[in-house]
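# Structure at a glance
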Amino acid sequence: MNTINVSHLNIPTPFYIVYEDRLRRNLSLIKEVEKRAGVKIIMALKANALWKTFPIISEYISSSTASSLNEMRLSLEYLGKDVHTYCPVYTEESFSEFLIGSSHITFNSLSQFNRFYPVVKDFNDSLEKMGKNKVKVSCGLRVNPLCSVIETDLYNPCLPGSRFGVQAKDLPDNLPEGFEGFHFHALCESSSFDLEKVLIALDEQFGKWLPHLKWLNMGGGHLMTRKDYDIDHLVGLLLDFKRKYPNLELIMEPGSAFTWQTGDLITKVLDVVENSGVNTAIIDASFACHMPDCLEMPYRPNIEEAVPDSSSDFRYRLGGNSCLSGDFVDGWNFPSPLKPGDVLTLKDMNHYTTVKTHMFNGIQHPSIWLKPLNGEPVKLREFTYEDYKSRMD
């Protein structure tokens, strides 16, 4: 049920709403897991970048994982200085700033490590010589355990042909100087039993290198705040792994778990149309513009005002208010016919939904130029960190 009756709020639709009590409930559970298992849990900004909620989050967690300069900057400014950076690829232009702002940097390939580790080494050496307070940057490598436990291919980083991570067969027997950790990401809204399968695969393939490392980042996808998640099994699994490899600091970076079921999108029915027996309620929100994950995944959000499919004959497709033909999602049943003015509560639309309406993963929008008939191209618009941050101003 809603924490408040949103239909009585004097807020124009559509709007997102985040509930502090639900957010704190998740954060308390995550903090409990961290303490019981003796691991480090950090927040993935790709799932939630609403920085005006960071003062609440920082009471429990102050470390983050970033995959872009914008995410790193946002964390440094509003969450904490402990930023674990992973990018599928780094550039000469961006890497120096990542180096200054990150505590950990994970490389996606050996070629990227070979290209940039000399820069890291020089940076760390200079810190030591100058007596700087900043902790040295710790380098790691993303590995691919080739263990697929995700049903939706779009979200599966371990499928054959994946661009993510190095396979065990491609690693040298002795890791190059500078590798202090491994990072894997093989889960998506998964259970502790899925993690167990991945850890078995990881141990079988990469076990000979693990005793020589300082940390293991288990990536995201640990949906520990879901009601049916087995917390005791997770804690036991992590403790067992730590006993086997006491040299490793275990790191987890959930995304969805932090803001799972903490916010809704409130929208209003504007019109109802019928075509070939299909009833569509056109709302004042758009799946393409406001909920692109519903089309991309795809997944159908629960609606508080809807009823189970078998309990009503009043079935509706929801159509967005854009002109894109595919801006709709099927289909929900309601206890009575929908009509203009009805308010609908699309549940659990905080994690991923809000970030995908803007610069997902903090990835900068391309600049825009005009090439006139004569002369050089003219810049019309260039996007910056302030554009990313301004989504919450």
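For the structure itself, look to the data block above.
Rules behind the numbers
- Residues numbered from 1 in each chain as written.
- Predicted model: local features only at pLDDT ≥ 70, side-chain atom pairs only at ≥ 80, totals over all residues.
- Heavy atoms only, no water.
- Helix = DSSP H or I, 4+ residues; strand = E, 2+ residues; numbered from the N terminus.
- Expected span 1.5 Å × (residues − 1).
- Buried < 20%, exposed > 50% of the residue type's maximum accessible area, 1.4 Å probe, protein only.
- Arc of directions from axis to C-beta.
- Contact = heavy atoms within 4.5 Å.
- Salt bridge = Lys/Arg side-chain N within 4 Å of Asp/Glu carboxyl O.
- Patch = residues over 30% accessible without salt bridge, like charges linked within 9 Å, V, L, I, M, F, W, Y side chains within 5 Å.
- Areas by Shrake-Rupley, 256 points an atom, 1.4 Å probe, with all protein chains shown as cover.
- Polar contact = N/O pair within 3.5 Å; in protein donor to acceptor, adjacent residues only side chain to side chain.

### Concerning helix α1 (residues 20-37)
Counted at 1.5 Å a residue, the expected span for α1 with its 18 residues is 26 Å, and the 26 Å between its end C-alpha atoms agrees. Listed as buried for α1 are R22, L23, N26, L27, I30, V33, E34 and A37. End-on, the buried residues of α1 take up no more than an arc of 135 degrees, which puts them together on one face. Considering only its buried residues, α1 is in contact with β2 (40-41), α2 (54-57), α7 (231-244), α8 (256-259) and β11 (263-275). A positive backbone phi angle near 65 degrees is found at G38, which sits one or two residues after α1.

### A few points about the pattern of salt bridges
Any two side chains of opposite charge can pair, so long as their charged atoms come close to each other. In total, this model carries 24 salt bridges according to the counting rule given. Across the salt bridge formed by K40 and D82, the nearest N and O atoms sit 2.4 Å from each other. Taken together, the positions of K40 in strand β2 and D82 in strand β5 (residues 82-86) put the pair 42 residues apart, joining distant regions of the chain. The salt bridge involving E97 is made with R73; its shortest N-O contact spans 2.7 Å. Within this pair, whereas E97 is found in helix α4 (residues 92-101), its partner R73 is found in helix α3 (residues 69-78), the two being separated by 24 residues in sequence. A relative accessible area of 30% means that E97 is categorised as partly exposed. The network of salt bridges with shared partners includes E20, R24 and E59.

### Let's talk about unusual backbone geometry
Trans peptide bonds make up most of the peptide bonds, and negative phi angles are found at most residues other than glycine. P14 follows T13 through a cis peptide bond whose omega is 0 degrees. Backbone geometry places S276, a non-glycine residue, at a positive phi of 55 degrees. One non-glycine residue, D348, lies in positive phi territory at about 55 degrees. Here D348 is to be found in the loop between β15 (343-346) and β16 (368-370). According to the relative accessible area criterion, D348 is buried, its value standing at 13%.

### Some thoughts on the environment of M224
When you line up the elements, M224 lands in the loop between β9 (215-217) and α7. C-alpha of M224 to C-alpha of I11: the two residues are 213 residues apart in sequence and 33 Å apart in space. Excluding its chain neighbours within four sequence positions, the residues that come into contact with M224 are L29, I30, V33, I41, Y229, I231, L234, M252, P254 and A257.

### Digging into the environment of F116
Within the secondary structure layout, F116 lies in helix α5 (residues 110-130). In the structure, F116 is positioned 102 residues away from M218 in sequence and 23 Å away in space, judged by C-alpha atoms. Setting aside its immediate chain neighbours within four residues, F116 contacts Y90, T91, E92, F95 and F107.

### Let's talk about a nonpolar patch on the surface
Together, I368, L370, V378 and L380 line one region of the surface with nonpolar side chains, adding up to about 350 Å² of accessible area. Secondary-structure elements contributing two or more residues to the nonpolar patch are β16 and β17 (378-381). With respect to the helices and strands, the residue V378 is situated in strand β17. For V378, a relative accessible area of 43% gives the class partly exposed.

### Considering helix α6 (residues 192-206)
For α6, built from 15 residues, the straight-helix expectation of 21 Å at 1.5 Å per residue is met to within 8% by its first-to-last C-alpha distance of 20 Å. For α6, the complete set of buried residues consists of S192, D194, L195, V198, L199, A201, L202, D203 and F206. In this fold, the buried residues of α6 make contact with β8 (179-183), β9, α7 and β10 (249-252). A side-chain oxygen of the first residue of α6 lies 3.3 Å from the backbone nitrogen of F193; this N-cap is S191.

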